[in-house]
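# Structure assessment
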Amino acid sequence: MELRHLRYFVAVADAGSLTVAAERKLHTSQPSLSRQIRDLEDEVGAQLLTRSARGVELTPAGRAFLDHARLALSHVEAAAGAARRVANPAKPCFVMGFLTGHELTWMPEALQTLRDELPNIDVMISSQYSPLLANALLQGNVDAAFLRREQGFPELAFRFLVKEPLVVVLPNDHRLAALKAISPRDLVGETFVNVSDTAPVLRVVIDDYLKRSGINITPDHEADHLAMGMSLIASTRGVGLLPAYAQNFLTPSVTSRPLKGNTPTVDLVLGYKKSNKSPILKLLLSRLDELVARVSKREKA
């Protein structure tokens, strides 16, 4: 008795027809399949199938044999799978998260940092709002994330990366675009586009900056993400304050200008769960200073 005999028998039992099993499942001729089934019955010593007008039917012996045939085939497949896994072990997987918009700056260098020393790993990327990334870290769905220093996550650790200065984003034909730098008081009376609660850390930085500058501005619009912010600024001819990385995503009708005086900044950090013992995470953390230096060098080039 050979494995092919078991596979052929199961295929016929499932199809209920020698013809269907031969042509659609096994891609062999019906006479050849019939011969294989007869050989199996001779080996077993019992008739397993009977022909009828409706096709083929299992005999009581055939029904008893079918369950054991399925079990035997499943054991063989499990054994083959175990052998393949030993011969070709699965690559370790590491999930990195990026605050939407930071992939352009940090992802190439982060991937290089890992693959230079660990070429045989799979790295998956998740791009989300900062609070969602913090939750993903907490739940173990992301191993390390480039995000803001979110509050209310004592289980997470944050490593400082860089301070991102805020800039004024406005239409390129706006009257303030004629200035080399813009003071906070220049923003008074303008349609103001602020970030929404999808970026709570950045929102606090902007609100605190305006308050320290003695300016009371009520946002006219709130943007959930960069693309929405650019669109609102362009369509309302408004102004907004965004981290400098937003300059990588300016549309043709929108430009940016630096702020005068003491420019506000928002921290970008690498977050991870304190209980995460991944050796890949350990490597990334050990190379963090080099990573920051490479990104900084590339940004200045």
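Quick note: structure is the one above.
Bear in mind that the values here come from a model prediction, so they are computed numbers and not experimental data. One numbering rule holds for all chains: residues counted from 1, following each sequence as written. It should be noted that, the model being predicted, local features are given only for residues of pLDDT at least 70 and side-chain atom pairs only at 80 or more, the latter also being counted only at that level, while totals for whole chains, interfaces and linings use all residues. Side-chain measures were taken over the full set of non-hydrogen atoms in the model, leaving aside hydrogen atoms and water.

Okay, the overall build of the chain next. Put simply, DSSP H or I for four residues or longer makes a helix, DSSP E for two residues or longer makes a strand, and each gets a number counted from the N terminus. What the chain contains, in helices and strands, is 10 helices and 11 strands. The quantity called the radius of gyration is restricted to C-alpha atoms. Its globule counterpart is 2.2 Å times the number of residues to the power 0.38. Taken against the 2.2 N^0.38 rule, which gives 19 Å for 301 residues, the C-alpha radius of gyration of the chain at 32 Å runs more than 25% over that of a compact globule. In terms of overall dimensions, the chain has C-alpha extents of about 95 × 45 × 35 Å along its principal axes. Relative accessibility under 20% of the residue-type maximum defines a buried residue, over 50% an exposed one, and the middle range a partly exposed one, all with a 1.4 Å probe and only protein chains included. Of all 301 residues assigned to the chain, the portion counted as buried reaches 44%. In what follows, residue pairs with any heavy atoms lying within 4.5 Å of each other are defined as contacts. Taking the contacts inside the chain whose residues are at least 6 apart along the sequence as the reference set, 71% of them involve residues at least 24 apart. When the accessible area of the chain is evaluated, it comes to approximately 16,000 Å², of which 53% is carbon and sulfur surface. When the 36 positive and 32 negative side-chain charges of the chain are each reduced to one mean point, those points stand 3 Å apart. The method behind every accessible area is Shrake-Rupley, applied with a 1.4 Å probe, and residues are considered shielded solely by the protein chains displayed. Charge counting follows a simple rule: Lys and Arg are positive, Asp and Glu are negative, and His as well as the terminal groups are ignored. Where a charge sits is defined by one atom per residue type, namely NZ (Lys), CZ (Arg), CG (Asp) or CD (Glu).

In this section: empty space enclosed by the protein. Of the two site types, the cavity is a set of points on a 1 Å grid over the protein atoms alone where a 1.4 Å probe fits but cannot get out, and the pocket is an open set with protein on both sides within 12 Å along at least five of seven lines, each lined by residues with an atom within 4 Å of a point. Grid points are joined across faces, edges and corners, and a volume is the space filled by probe spheres set on the points. For the structure on display, the rule yields 1 cavity of 30 Å³ or more. Computed from the structure, the largest cavity encloses a volume of approximately 320 Å³. Lining the largest cavity are 26 residues; nearest its centre among them are Val195, Ala199, Leu202, His225 and Tyr245. Of all elements in the fold, only strand 7 (192–195), helix 7 (200–212), helix 8 (226–236) and strand 9 (239–243) reach the threshold of two or more residues within the lining of the largest cavity. No other element matches the 4 residues that strand 9 contributes to the lining of the largest cavity. Across the lining of the largest cavity, the residue classes break down as 15 nonpolar, 8 polar and 3 charged. Note on residue classes: Ala, Val, Leu, Ile, Met, Phe, Trp, Tyr, Cys and Pro are nonpolar, Asp, Glu, Lys and Arg are charged, and everything else, Gly too, is polar.

Let us now look at the environment of methionine 124. If you trace the backbone, methionine 124 turns up in strand 4 (residues 122–128). We classify methionine 124 as partly exposed; its relative accessible area is 46%. Between the C-alpha atoms of methionine 124 and valine 95, which are 29 residues apart in sequence, the distance is 4.7 Å. The residues contacting methionine 124, other than those within four sequence positions of it, are Cys93, Phe94, Val95 and Met96.

Let us look at the packing of helix 5 (residues 103–117) against helix 9 (residues 279–286). Working note: a packed helix pair is described by the angle between its axes plus the distance between those axes. Two elements in contact, helix 5 and helix 9, have axes separated by 10 Å at closest approach and are oriented at 115 degrees. As for the relative orientation of helix 5 and helix 9, their crossing is right-handed in sense. In this structure, helix 5 uses Thr113, Leu114 and Glu117 to contact helix 9, whose residues at the interface are Ile280, Leu283 and Leu284. Among the residues forming the contact of helix 5 with helix 9, the class breakdown is 4 nonpolar, 1 polar and 1 charged. Lines fitted to the C-alpha atoms define the axes, with helices restricted to the stretch that makes contact. Angles between their N-to-C directions range from 0 to 180 degrees. The handedness criterion is simple: a crossing whose near helix is rotated anticlockwise from the far helix by less than a right angle is left-handed, and one whose near helix is rotated clockwise is right-handed.

Before going further, it helps to examine helix 9. Every buried residue belonging to helix 9 is among Ile280, Leu281, Leu283, Leu284 and Leu285, and all of these are buried. Lining the buried residues of helix 9 we find strand 3 (93–99), helix 5, strand 5 (144–147), strand 6 (156–171), strand 11 (265–273) and helix 10 (288–300). Where helix 9 begins, the capping side chain belongs to serine 278, and its oxygen is found 3.1 Å from the backbone nitrogen of isoleucine 280. We call two N or O atoms a polar contact when they sit within 3.5 Å, provided that within protein one can donate a hydrogen and the other can accept it, with sequence-adjacent residues counted only if both atoms are side-chain atoms.

Turning to helix 6 (residues 130–139), its buried residues number three or more, namely Ser130, Pro131, Leu133, Ala134, Ala136 and Leu137. Against strand 3, strand 4, strand 5, strand 6, helix 7 and strand 11 lie the buried residues of helix 6. In the segment just after helix 6, glycine 140 is the residue with positive phi, at about 85 degrees.

The next point concerns the packing of aromatic side chains. Here a Phe, Tyr or Trp ring, Trp counted by its six-membered ring, pairs with any other such ring whose centre lies within 6.5 Å, and the pair is stacked when the planes are under 30 degrees apart, edge-to-face when over 60, and tilted otherwise. Under the counting rule described, the total for this entry stands at 3 aromatic pairs. With a centroid separation of 5.3 Å and 70 degrees between ring planes, the pair formed by phenylalanine 9 and phenylalanine 65 is classed as edge-to-face. Taken together, the residues phenylalanine 9 in helix 1 (residues 3–15) and phenylalanine 65 in helix 4 (residues 60–87) connect sequence positions 56 residues apart. Each of the two residues, phenylalanine 9 as well as phenylalanine 65, counts as buried. Arranged with centres 5.6 Å apart and planes meeting at 35 degrees, the rings of tryptophan 106 and phenylalanine 146 form a pair that is tilted. With a gap of 40 residues between them, tryptophan 106 in helix 5 and phenylalanine 146 in strand 5 connect regions that are remote in the sequence. Pair check on accessibility: tryptophan 106 and phenylalanine 146 agree, each one buried.

Moving on, we come to the packing of helix 5 against helix 10. In contact at an axis separation of 10 Å, helix 5 and helix 10 are set at 135 degrees when each is read in the N-to-C sense. What the angle tells us is that helix 5 and helix 10 run oblique. Our pair here, helix 5 against helix 10, has a crossing hand that is right-handed. Of the residues in helix 10, those in contact with Leu104, Thr105, Trp106, Pro108, Glu109, Ala110, Gln112 and Thr113 of helix 5 are Leu291, Val292, Arg294, Val295, Arg298 and Glu299. Any angle from 65 to 115 degrees is called roughly perpendicular, while one under 35 is roughly parallel, one over 145 is roughly antiparallel, and all others are oblique.

Salt bridges are counted wherever a side-chain nitrogen of Lys or Arg sits within 4 Å of a carboxyl oxygen of Asp or Glu. In this structure the tally under the stated criterion is 9 salt bridges. With its nearest N and O atoms 2.8 Å apart, the salt bridge here joins glutamate 109 to arginine 294. Remark: arginine 294 occurs in helix 10 and glutamate 109 occurs in helix 5; sequence separation between them is 185 residues. In this structure, the salt-bridge partner of glutamate 222 is arginine 203, at a minimum N-O distance of 3.0 Å. With glutamate 222 in strand 8 (residues 221–223) and arginine 203 in helix 7, the pair connects residues that are 19 residues apart, well separated along the chain. Under the relative-accessibility criterion, glutamate 222 is labelled partly exposed at 39%. Here the residues in one salt-bridge network are Arg149, Lys163 and Asp267, joined through shared partners.

Note that every value here comes from positions in space, so none of it alone points to a role or purpose.
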